[in-house]
Amino acid sequence: MTTKFDIIKLKAQAVLGNVEAMYELGFNYLYGIGVEDNIEKAHEYLQKAAAKNFAAAKNLLTNVFADNGQSSAINSDFKEKGYATFKRICQDADKGDPEALYIKSIGKLDDDIDDYRFFRAIDDLTKASQKGYVPALFALGRIYHISTRISGKKAEGLSMIQQAADMEFIPAIKYMMAKAPESVYKVVKHMSEDQNADGEILCMLGQYYQEGIVVEKDINKAITIFEKSILEGNTDSMLELGWIFEQSEDVPHDYKRAFELYSKAADLNNAAAMNNLGTCYKKGIGTEDDKEKALACYTKAAELGNIEAYWNLYLYYMDDISTERNFKKAVEWLEKGDKAGNLECTFQLTMHIMNGDGIEEDANKYFLYMQKAAKGGYKDAFVRLGDCYRYGIGTQQNGNYAFEWYKKASEFSLDGIASLAKCYTYGIGIQRDDKKAIELYKIAAEQGYAQAQFDLGICYRQGEGVEKDPQKAIEWYLKAAEQGHGDALCNLGIMYENGIGVDQDSSKAFDFFKKSAVAGSVQGQFCLGHLYYSGRGTEQDYAEAIKWFKEAADQGEPDSMFHLAICYNDGLGVEKDSNKMAYYMYAAADRGFQRAIEAIQKYNIRRP
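About the thresholds
- Residues numbered from 1 in each chain as written.
- Predicted model: local features only at pLDDT ≥ 70, side-chain atom pairs only at ≥ 80, totals over all residues.
- Heavy atoms only, no water.
- Core = buried A, V, L, I, M, F, W, Y, C linked by side-chain atoms within 4.5 Å.
- Buried < 20%, exposed > 50% of the residue type's maximum accessible area, 1.4 Å probe, protein only.
- Contact = heavy atoms within 4.5 Å.
- Helix = DSSP H or I, 4+ residues; strand = E, 2+ residues; numbered from the N terminus.
- Expected span 1.5 Å × (residues − 1).
- Polar contact = N/O pair within 3.5 Å; in protein donor to acceptor, adjacent residues only side chain to side chain.
- Salt bridge = Lys/Arg side-chain N within 4 Å of Asp/Glu carboxyl O.

Novice: Give a detailed account of the nonpolar core, specifying residues and quantitative values.
Specialist: The biggest cluster of nonpolar side chains holds 179 residues, and the ones touching the most others in it are I173 and M585. Those residues within four positions of M585 in sequence are excluded, and the remaining contacts are F562, A565, A596, A599, I600 and I605.

Novice: Outline helix α32 (residues 558–570), listing residues and values.
Specialist: Residues spaced three or four apart along an α-helix face the same direction, because each turn holds 3.6 residues. With 13 residues, α32 extends 19 Å between its outermost C-alpha atoms, agreeing within 8% with the 18 Å of an ideal straight helix rising 1.5 Å per residue. Burial within α32 is extensive, with 10 of its 13 residues counted as buried. Taken as a whole, α32 has its buried residues at D559, S560, M561, F562, H563, L564, A565, I566, C567 and Y568. Considering only its buried residues, α32 is in contact with α30 (522–534), α31 (542–553), α33 (578–590) and α34 (594–603). Its side-chain oxygen at 3.2 Å from the backbone nitrogen of D559, E557 defines the N-terminal cap of α32. Just downstream of α32 lies G571, where phi reads positive at about 70 degrees.

Novice: Can you explain helix α9 (residues 154–166)? Please cite residues and give values.
Specialist: Compared with an ideal rise of 1.5 Å per residue, which puts 13 residues at 18 Å, α9 spans 19 Å between its outermost C-alpha atoms and is within 8% of the ideal. Along α9, the residues classified as buried are G157, M160, I161, Q162, A164 and A165. Where α9 is buried, its residues touch α8 (134–146), α10 (170–179) and α11 (185–192). Of the residues flanking the end of α9, it is E168, one or two places downstream, whose phi is positive at about 65 degrees.

Novice: Please give an account of the pattern of salt bridges that cites residues and values.
Specialist: Overall, the coordinates contain 17 salt bridges when judged by the stated rule. We note a salt bridge from D124 to K104, for which the minimum N-O separation is 3.7 Å. Placement of D124 in helix α7 (residues 115–130) and of K104 in helix α6 (residues 98–105) is noted, with a sequence separation of 20 residues between them. You'll find D124 and K104 in the same group, each marked buried. In this structure, E200 engages K174 in a salt bridge whose closest nitrogen and oxygen atoms are separated by 3.0 Å. Note that E200 is positioned in helix α12 (residues 199–211) and K174 in helix α10, a separation of 26 residues in sequence. By relative accessible area, K174 is classed as partly exposed at 37%. Because the salt bridges share partners, they merge into one network encompassing K174, E200 and D236.

This is the structure in structure tokens:
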């Protein structure tokens, strides 16, 4: 409890410039803690702390005082709605009342809260939980378990949540149901046996039988339990039962009943049911399809806090069911979904930033969102974040970080295994080890991953980590080519064009280059253009050569730029144009293409 002596010490510290003491004095005078409340003095001390950029003081001034904190009068809305109540809570908390300590901490544990208020709230929760207040025990355990601002407490946090669950605190039981359902089965079973069992507990018991966790799966028993829970008004059971009738393969589908259950739960503001109801209207499940009602349901679901709804709203504006694609609206919902914690939205936002669809291209933002998605555990982001570090996309190149993220991805992804292999091939974040690279390429290639098959083909062609073997290179290129891998098709064309491991055959080379070019391989597009240009494997056709050279040049391929310069200089397939010749010649030279650099010097070509 704050004493007069505590106030004297705070005043002395404030005189010495201690900003936290200034804030504490302002807070204490505002709510009458250890002193008589004095609004003017509260405002004075808070202003002093705010002048030193103390975030907690700025926040309190803005929320409590009029004129955005400039006036010493209390804001009328705060005075009417919360001042007296919160004053009583703060005074009770100062006396050590656990419920007041818990309530005082609410709203101060979010990621955007400044460190001072965040850790003061942690102190309040600690005091409350030590006094046996179970909601505080759960809240503190949850923060320890999920917050990135506290390290080394994850296991302790989960243990605290388990303690709260063992004390039959339903929010803690629900939390453990999502993390380790077997750990709370006994308490759920015990609580469900009560004649007046809570609907939430019955719902959780039904989930055990629905999923076959701990107990033998019994969908009919689950349905019976859910129906009993629904009689208690539990909307989650309406949702679960609706899902069973809509999607479960264990019972005959009853789409009309599913729609009715979702509707009933949605009417009671169950956010997930509202989202599912939107899908029913979108797809005509148990009702007629109605895109406007779908949009309304998804929007309401998002307002109620369902993070899946943000993704559905994104799909709506991406022409999933609407009549006109709207990139700007779609991106707006991705941004909202990202802020709400939907990592699928966060990851998809990076795709729009990369392509400039509905949002400006920005390499740094691409990196930051990708990093957020990956650190949040979104697996599709792991390799792409590794690529950011490998190539320096939106951040500084860092081979060690690239290796770490590829290694994490390799635990579940063939793409991750192939990317990790490249680290060993080129010594990215690890000492070069060609044999280790081959082992990894083979693991991914033998499971049908086309990129790894292509990379393994390169290793056999060049003799990296294995003896040089053109036939085996062709074998792996063919496997990748069968899956439409453009660069593998191109390399097969090169093998036939040059007679490497096969008899030289320009006609077959042409066929492979054409397939490669159509598949989008830049090198394949150049090679196809070059065969048209030279008349090997096909009739000479400068117009077709120009077409494919331009396709490749537009993607930065310098040899194509050089050949376009020759075509414009000599009038091959196009009218002679010295300006365009110079443009393409310098474009190739600027990318380090030696033949272009030499031509510019030899013929004294001026930059256009």
